[in-house]
Amino acid sequence: MKPRTLLLLIMIASSGFFQSYAVEIELKDSSNATCLYAKWMMKFLIKYETNSSDYKNTTLNVPSVVTHNGSVCGSDRRAALLAVQFGNGHSWSNSFTKTNATWQGDVVTFTYNTNDTAVFPDAKRKGPITVVVNDTIRPVQLGNVFVCHSTDSVQTGNVTQIFWNVTVQPFVQNGTIGKKETICQADMPTPGPTVPPTSANVTTATTVSPAPTTPPKPVENPVTGNYSLKSGNTTCLLATVGLQLNVSQDKPHLININPKTTSADGTCGNTTATLKLNDGNSTLIAFMFAVKNESASVQKFYLKEVNVTLLNSLNGSVIFSGNNNNFSQWDALLGNSYMCRNEQTLEVNEDLQIHTFNLWIQPFLVKANKFSTAHECSLDDDSILIPIVVGAALAGLIAIIVVAYIIGRRKSYAGYQTL
């Protein structure tokens, strides 16, 4: 990590501007037995329109004091509900359902109030605004506690919900919080390479001369990663891509996404699909795809929106964020895939670009866990180069003939004058 970047992280972490507090709720039933327990941290990144018709980003943090009115224990026939209220008219809730063997997250509902002028100064739209999204917690064994210390995010429209240090168990059995944990994928340890002792890594007491100053090496192209999503046991989205971010707030800073430390999540649907990538709990990227009707009988998919959030992995604070919901790229017939081996650039905003390499994507109608016929981008079409090369060669030949003709005429004219 560059010293400048490290200094920025330290300043943000110590400033208190992004400070959020842990929320802890232990709900009890009519017999005073614990029926739902949760402890987590969250914050919200919201883009809103001002009276001058421009857009601003704001961060809504959770204060140290919240209420949990409306929370419900749940039963075999009724969903459990974790509901909290905080600040000036803001609220958040998460419902949970269960089967005979498992429980899982159901729906997350977040309501923010733009009448809160401390968070939304000069907001054009006044009053509460609600967003609803499916929870990302997959089925957990009944009686187990779900734990996820890593940062996760859920993006809906202009709202990004960010969560970390999550511990939750609805449908607590016999009033006793479970001791067995189900850990999220992002918390799974990644084994590091074993380095045998050699003469190169054994410390010896020697005098080392200062190394000569060398210029920094240029950032290499990113490693290509393979990502996929499943709906049940069926693969519903496939992606192969190398990703590089170009953040240029002060000066250009290139960040390569490492597939070995990146987890994939998201949702599949008939007309929309979202691929979310989390690289080491510090870089969150969401690609949103949609289906459009080219004609009555022809449908295409395309990339519609991209959201990027850079986080401080130590405390989950937002360092940088950018989004663009006006893309119309990477389009192909529905049922096919889109491919572009050459480098492409997505302009998210004036401070952020995404460079893609070896891209191959299919967000809909994946069959047999394989890519379908690929629509290749124009950058990969070598046939376009043929007329360009031929044209350039002909132009060069014509130029040579013209120059030779002019030189010949001048020599003939000079010879005529000497007679």
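Only a predicted model underlies this, so the values are computations on that prediction, with no experimental measurement involved.

Right, let's talk about the overall build of the protein for a bit. Helix and strand counts for the protein stand at two helices and 25 strands. Across the 419 residues of the protein, 40% fall into the buried class. The contacts in the protein between residues at least 6 apart in sequence include a share of 55% that link residues at least 24 apart. For the protein, the accessible area works out to roughly 24000 Å², and carbon and sulfur atoms hold 54% of it.

Attention now goes to a nonpolar patch on the surface. Taken together, the side chains of Ile-398, Val-402, Tyr-405 and Ile-406 make up a nonpolar region of the molecular surface, amounting to roughly 390 Å² of accessible area. Assessed through its relative accessible area of 39%, Ile-406 is described here as partly exposed.

Turning our attention to the environment of Thr-309. In this structure, Thr-309 sits in strand S19 (residues 299-311). Placed 14 residues apart in sequence, Thr-309 and Asn-323 show a C-alpha to C-alpha distance of 8.6 Å. Once you skip the residues sitting within four places of it in the chain, Thr-309 turns out to touch Thr-160, Ile-162, Ser-282, Thr-283, Leu-284, Val-318, Phe-320 and Ser-321.

Core analysis: the largest hydrophobic core is formed by 42 residues, its most contacted members being Trp-40, Trp-92 and Phe-110. Residue assignment for this core shows that the elements contributing at least two residues are strand S1 (23-28), strand S2 (34-49), strand S4 (80-86), strand S5 (90-98), strand S6 (102-113), strand S7 (128-134), strand S9 (145-148) and strand S11 (159-169). In terms of residue count, S2 provides more of this core than any other element does, eight residues in total. Beyond its immediate stretch of four places on either side in the chain, Trp-40 contacts Tyr-21, Ala-22, Val-23, Ile-25, Leu-82, Val-84, Trp-92, Phe-163, Trp-164, Asn-165 and Val-166. Formed by 37 residues, the second largest nonpolar core is a distinct cluster that contains Leu-277, Val-291, Phe-327 and Cys-377.

In this section: the state of the cysteines. Two cysteines form a disulfide when their sulfur atoms are joined by a covalent bond. Within this structure, the stated rule accounts for four disulfides. Between the sulfur atoms of Cys-236 and its disulfide mate Cys-268 the distance is 2.0 Å. Looking along the S-S bond of the Cys-236-Cys-268 disulfide, the torsion reads about 70°, which is the right-handed sense. Of the two residues, Cys-236 is situated in strand S14 (residues 234-247) and Cys-268 in the loop between strand S16 (262-267) and strand S17 (272-279); the sequence distance between them amounts to 32 residues.

Another aspect to go through is the pattern of salt bridges. Following the criterion strictly, the structure yields seven salt bridges and no others. Among the ionic pairs, Lys-124 bridges to Glu-49, the shortest N-O distance being 3.7 Å. Here Glu-49 lies in strand S2 and Lys-124 lies in the loop between S6 and S7, a separation of 75 residues in the sequence. Given a relative accessible area of 45%, Lys-124 falls into the partly exposed group. Here Arg-341 ties to Glu-376 by a salt bridge, and the two come within 3.1 Å at their closest N and O atoms. Residue Arg-341 is found in the loop between strand S22 (337-340) and strand S23 (344-349), and its partner Glu-376 is found in strand S25 (residues 374-376); the two are separated by 35 residues along the sequence.

Turning our eyes to something else, we now look at the side chain of His-355. Summarising the element assignment, His-355 is placed in strand S24 (residues 352-362). Engagement of the side chain of His-355 in a polar contact is seen with the side chain of Glu-343, the distance being 3.4 Å. If we skip the residues at most four places from it in the chain, His-355 touches Gly-242, Leu-243, Gln-244, Asn-246, Glu-343, Gln-344 and Thr-345.

This brings us to the pairing of S9. Because side chains alternate across S9, one face comprises the buried residues Val-145 and Val-147, and the other comprises Phe-146 and Cys-148, equally buried. Taken together, the three bridges between S9 and strand S12 (residues 181-183) define a ladder with parallel strand orientation. Pairing of Phe-146 across the sheet is with Thr-182, part of S12.

A full pass over the atoms with the stated rule returns 12 aromatic pairs. When the ring of Phe-96 is compared with that of Trp-103, the centres are 5.8 Å apart and the planes differ by 75°; the resulting orientation is edge-to-face. Across this residue pair, the class does not change: Phe-96 and Trp-103 are buried. Chaining the aromatic ring pairs together yields one cluster made of Phe-44, Tyr-48, Phe-86, Phe-110, Tyr-112 and Phe-120. Directly above the ring of Tyr-55 sits Lys-47, whose terminal nitrogen or CZ lies 5.5 Å from the centroid. Stacked on the ring of Tyr-302, the Lys or Arg Lys-292 has its end atom at 5.0 Å from the ring centre.

Looking now at the environment of Thr-274. Structurally, the position occupied by Thr-274 is in strand S17. Put simply, Thr-274 and Ala-290 are 16 residues apart on the chain and 9.0 Å apart in space, counted from C-alpha to C-alpha. Once residues lying within four places of it in the same chain are set aside, the contact partners of Thr-274 are Leu-229, Asp-265, Gly-266, Thr-267, Ala-286, Phe-287 and Met-288.

A full pass over the atoms with the stated rule returns one cavity of 30 Å³ or more. In terms of lining, the largest cavity is formed by Ala-239, Val-241, Leu-275, Phe-287, Phe-289, Trp-330, Leu-359 and Ile-361. Counting residues per element, the ones that place at least two in the lining of the largest cavity are S14, strand S18 (283-293) and S24. In terms of residue class, the lining of the largest cavity is built from eight nonpolar, no polar and no charged.

So, how was this worked out
- Residues numbered from 1 in each chain as written.
- Predicted model: local features only at pLDDT ≥ 70, side-chain atom pairs only at ≥ 80, totals over all residues.
- Heavy atoms only, no water.
- Helix = DSSP H or I, 4+ residues; strand = E, 2+ residues; numbered from the N terminus.
- Buried < 20%, exposed > 50% of the residue type's maximum accessible area, 1.4 Å probe, protein only.
- Contact = heavy atoms within 4.5 Å.
- Areas by Shrake-Rupley, 256 points an atom, 1.4 Å probe, with all protein chains shown as cover.
- Patch = residues over 30% accessible without salt bridge, like charges linked within 9 Å, V, L, I, M, F, W, Y side chains within 5 Å.
- Salt bridge = Lys/Arg side-chain N within 4 Å of Asp/Glu carboxyl O.
- Core = buried A, V, L, I, M, F, W, Y, C linked by side-chain atoms within 4.5 Å.
- Disulfide = S-S within 2.5 Å.
- Polar contact = N/O pair within 3.5 Å; in protein donor to acceptor, adjacent residues only side chain to side chain.
- Pairing = 2+ DSSP bridges.
- Phe/Tyr/Trp six-rings, centres within 6.5 Å; stacked < 30°, edge-to-face > 60°.
- Lys NZ or Arg CZ within 6 Å of the ring centre and 35° of its normal.
- 1 Å grid on protein atoms, 1.4 Å probe; cavity = no way out; pocket = protein on both sides within 12 Å on 5 of 7 lines; lining within 4 Å.
- Points joined across faces, edges and corners; volume = space filled by probe spheres on them.
- Nonpolar A, V, L, I, M, F, W, Y, C, P; charged D, E, K, R; others polar.

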